[in-house]
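Here is how the chains run, residue by residue.
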Amino acid sequence: MPGTERVEITGPYGDRYDEILTPQAIDLIALLHAELAPRRSELLAARRRRQAELSGGAMLDFLPETASIREDPDWRVAPPAAGLVDRRVEITGPTDKKMTLNALNSGANVWLADFEDANTPLWDNMITGQLNLKDALDRTIDFTSPEGKDYRLRPDDELATIVVRPRGWHLDEKHILIDGVRASGSLTDFGLYMAASAGRQLEKGKGPYFYLAKTESHLEARLWNDAFNLAQDTLGLPRGTIRATVLIETIPAAFEMEEILYELREHSAGLNAGRWDYLFSVIKKFRTRGREFVLPERNSVTMTAPFMRAYTELLVKTCHRRGAHAMGGMAAFIPSRRDPEVNEVALAKVRDDKTRESRDGFDGSWVAHPDLVPICKEVFDGVLGSNPNQLGKRREDVHVTAEDLLAVSKTPGTITEAGLRNNISVALQYLASWLGGNGAVAIFNLMEDAATAEISRSQVWQWIHNDVALDDGTLVTQDLAERLIDEELTRIRAMTGEGFDAERYGQAVALFSEVALADSFAEFLTIPAYERMP
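For every chain, the first residue of the written sequence is number 1, and numbering continues from 1 along that sequence. Since the coordinates come from a predicted model, pLDDT governs what is reported: local features require at least 70, and pairs of side-chain atoms require 80 or more to be given and counted, while whole-chain, interface and lining totals use all residues. The basis for the side-chain values is all heavy atoms of the structure; hydrogens and waters are excluded.

Undergrad: Is there a simple way to think about the overall build of the protein in this case?
TA: Secondary structure elements are defined from DSSP: runs of H or I of at least 4 residues count as helices, runs of E of at least 2 residues count as strands, and each element is numbered from the N terminus. When its secondary structure is counted, the protein shows 18 helices and 15 strands. Taking the principal axes of the C-alpha coordinates as reference, the protein spans close to 65 × 55 × 50 Å. Sorting the 534 residues of the protein into buried and exposed places 62% on the buried side. Of the contacts made within the protein by residues no fewer than 6 positions apart, 77% connect residues no fewer than 24 positions apart. All accessible-area figures derive from a Shrake-Rupley calculation using a 1.4 Å probe, and residue coverage is judged against the displayed protein chains alone. Looking at the protein as shown, the accessible area adds up to about 20,200 Å², and 49% of this sits on carbon and sulfur atoms. With 61 positive and 82 negative side-chain charges, the protein shows a spacing of 3 Å between the two charge centroids. Relative accessibility under 20% of the residue-type maximum defines a buried residue, over 50% an exposed one, and the middle range a partly exposed one, all with a 1.4 Å probe and only protein chains included. In what follows, a contact means two residues having at least one pair of non-hydrogen atoms within 4.5 Å. In this tally, Asp and Glu contribute negative charge and Lys and Arg positive charge; neither His nor the terminal groups of the chain are included. In this description, the location of a charge corresponds to atom NZ of lysine, CZ of arginine, CG of aspartate or CD of glutamate.

Here it is in structure tokens:
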């Protein structure tokens, strides 16, 4: 593989990889690392220190040292960029060829092209995903299914705007070594896209744009802002060309939303309520703090829970106060062509969810499947009309305290054996697929990504380590979890039939046991999972 004196590429070489791993791209990644890698390491160490403090009894609060930023009424983020003015429907998905075509053609305003939670970071996935985006911008992409169905791009003015989600700061790219050290997954994904496709997206009149995942502090947002400036200066682009939407999907970030917007203000495109990872973050950060921070089973935690209402309403108020878009959460339902009754119930829930978001002032929302684009668009059309967004809806009625954001114990719901089984079954099915190279998985009529597995395994860990009993009085123990793992695996084998991959599910059980049953808690399951793949 090509490289330089400082950069070694250890991944195998595939067809057309040289179009992505160009000398310009390699040099840009090396420069980004030279300037920013030490700070990335420091910020990851700061995460670990904060976790130790929380586990020791500390509590989160709004930062006193940044009060002047929150109290200054005058600053604003940059005005919405071309292609991001109207974002009423955004579709998410990985960057494989079929999804690229379906997402761009879906009728959504924006496509979140995902190199993170809906993607498995196989080396080939990471490079061919970049190739698919480049080809889409060049209009040279096409796909024919095994059944013979052809997929082609619609005219440019009918396509969704591409917004790329690189991996979070915590993830490495093990196939690129810089001075003998693994590269940052974030800087790799960002650098490769900037070198290959930023100019192409600009020629279309919009971009390059990004979604920023797993951010935990305004200092991490500052690091991204510096990466943007460095890349823009290196590539000869005006500062402010890049725009980024930050996912508020960790509970520490919920206390720093204004500061995150401030750090990115000339590059900011708003904030998103990344609600599934947010639940995972709540569990993870307070996993040892007893029943006060134990959530009911995953499927019973809704967006009407008091602490979730506080989080989403504060997000809308914060964004609109600063002229930034507030983007709603995911509708993960996959419509069934064989079960109209399931569709009727689920679509009613999707409509209710999007109606609540639109009335709360969100400027748009996410869907995981093209068939949900019309219903989401219909709901937001009803509120927006001909207006592109709701930036004028300031939500001055919202007053959220730190206690409101931390009111986990007020969440209604129970913990049942069925809920425990569901966590185990979904996690095993997802991990088996993830280890096989697919990070966006249809399970029980829902499109699941890594956040689902994270919530599932972290709830099992938390229940075991906090002496939680099911609603029938049964204590959740490691022995109980191990028995249910065996039983659910038997069910999955029967459900799957001849397609059951015993070796892959054996790996999934081992990985799930490592991250759900061990004494220590893995910060992210994707880290040990990554070590299990080539």
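Undergrad: Can you help me understand the packing of helix α11 (residues 340-360) against helix α12 (residues 373-384) in this one?
TA: In a pair of packed helices, the angle between the axes and the distance between the axes together describe the arrangement. The convention used is that axes are lines fitted to C-alpha atoms, helices contributing only their stretch in contact, and that angles between N-to-C directions extend from 0 to 180 degrees. Two elements in contact, α11 and α12, have axes whose closest approach is 9 Å; the angle formed by their N-to-C orientations is 35°. Between α11 and α12 the crossing geometry is right-handed. Contacts from Leu347, Val350, Arg351, Lys354, Thr355, Glu357 and Ser358 in α11 reach Ile375, Cys376, Glu378, Val379, Phe380 and Val383 in α12. Considered class by class, the residues forming the contact of α11 with α12 number seven nonpolar, two polar and four charged. Note on convention: the crossing is left-handed when the near helix lies turned anticlockwise from the far helix by less than a right angle, right-handed when the turn is clockwise. Note on residue classes: Ala, Val, Leu, Ile, Met, Phe, Trp, Tyr, Cys and Pro are nonpolar, Asp, Glu, Lys and Arg are charged, and everything else, Gly too, is polar.

Undergrad: What's the story with the side chain of Gln462 in this structure? I'm lost.
TA: Within the element layout of this structure, Gln462 appears in helix α15 (residues 450-465). Side-chain atoms alone can form a polar contact between residues adjacent in sequence; in general such a contact is a pair of N or O atoms within 3.5 Å, and within protein one must be able to donate a hydrogen while the other accepts it. A polar side-chain atom of Gln462 sits 2.9 Å from the main-chain carbonyl oxygen of Phe293. Setting aside chain neighbours within four positions, we find Gln462 in contact with Ile283, Phe286, Arg287, Phe293, Val294 and Leu295.

Undergrad: What's the story with the nonpolar core in this structure? I'm lost.
TA: Nonpolar side chains in soluble globular proteins tend to be buried together. Core analysis: the largest hydrophobic core is formed by 104 residues, its most contacted members being Trp111, Phe190, Phe210, Ile248 and Leu315. Element by element, the count of residues in this core is highest for helix α10 (residues 306-321), at eight residues. Ranked by size, the runner-up nonpolar core spans 43 residues in total, among them Leu122, Val441, Ala516 and Ala529. Side-chain atoms within 4.5 Å link the members of a nonpolar core, which is a set of buried Ala, Val, Leu, Ile, Met, Phe, Trp, Tyr and Cys residues.

Undergrad: Got a minute to help me understand the packing of aromatic side chains in this structure?
TA: Any two aromatic rings considered together are summarised by their centre-to-centre distance and by the angle between their planes. Ring pairs are drawn from Phe, Tyr and Trp, using the six-membered ring of Trp, whenever the two centres fall within 6.5 Å, and their geometry is named by plane angle: stacked under 30 degrees, edge-to-face over 60, tilted for the rest. Per the stated rule, a full pass over the model turns up 18 aromatic pairs. When the ring of Phe190 is compared with that of Trp224, the centres are 5.8 Å apart and the planes differ by 85°; the resulting orientation is edge-to-face. One end of the pair, Phe190, is in helix α5 (residues 185-203); the other, Trp224, is in helix α6 (residues 218-235), and 34 residues separate them in sequence. The interplanar angle of 65° and the centroid separation of 6.1 Å between the aromatic rings of Phe280 and Phe524 together place this pair among those described as edge-to-face. Here Phe524 lies in the loop between α17 (502-516) and α18 (526-530) and Phe280 lies in helix α9 (residues 275-285), a separation of 244 residues in the sequence. One aromatic cluster is present, formed by Trp169, Phe190, Tyr193, Phe210, Trp224 and Phe228 through successive ring pairs. It is Lys174 that lies over the ring of Tyr530; its NZ or CZ is 4.6 Å from the centre. Positioned above the aromatic ring of Tyr262 is the side chain of Arg265, whose terminal nitrogen or guanidinium carbon lies 3.9 Å from the ring centre. Both a distance and an angle decide whether a charge sits over a ring: NZ of Lys or CZ of Arg must be within 6 Å of the ring centre and within 35 degrees of the ring normal.

Undergrad: Teacher, can you tell me more about α10 here?
TA: Multiplying 1.5 Å by the residue count of a helix minus one yields the expected span of that helix. The end-to-end C-alpha distance of α10 is 22 Å, a good match for the 22 Å that 16 residues give at a rise of 1.5 Å each. Counting buried positions over the 16 residues of α10 gives 14, a clear majority of the element. Just past α10, the residue Gly323 takes up positive phi, approximately 75°.

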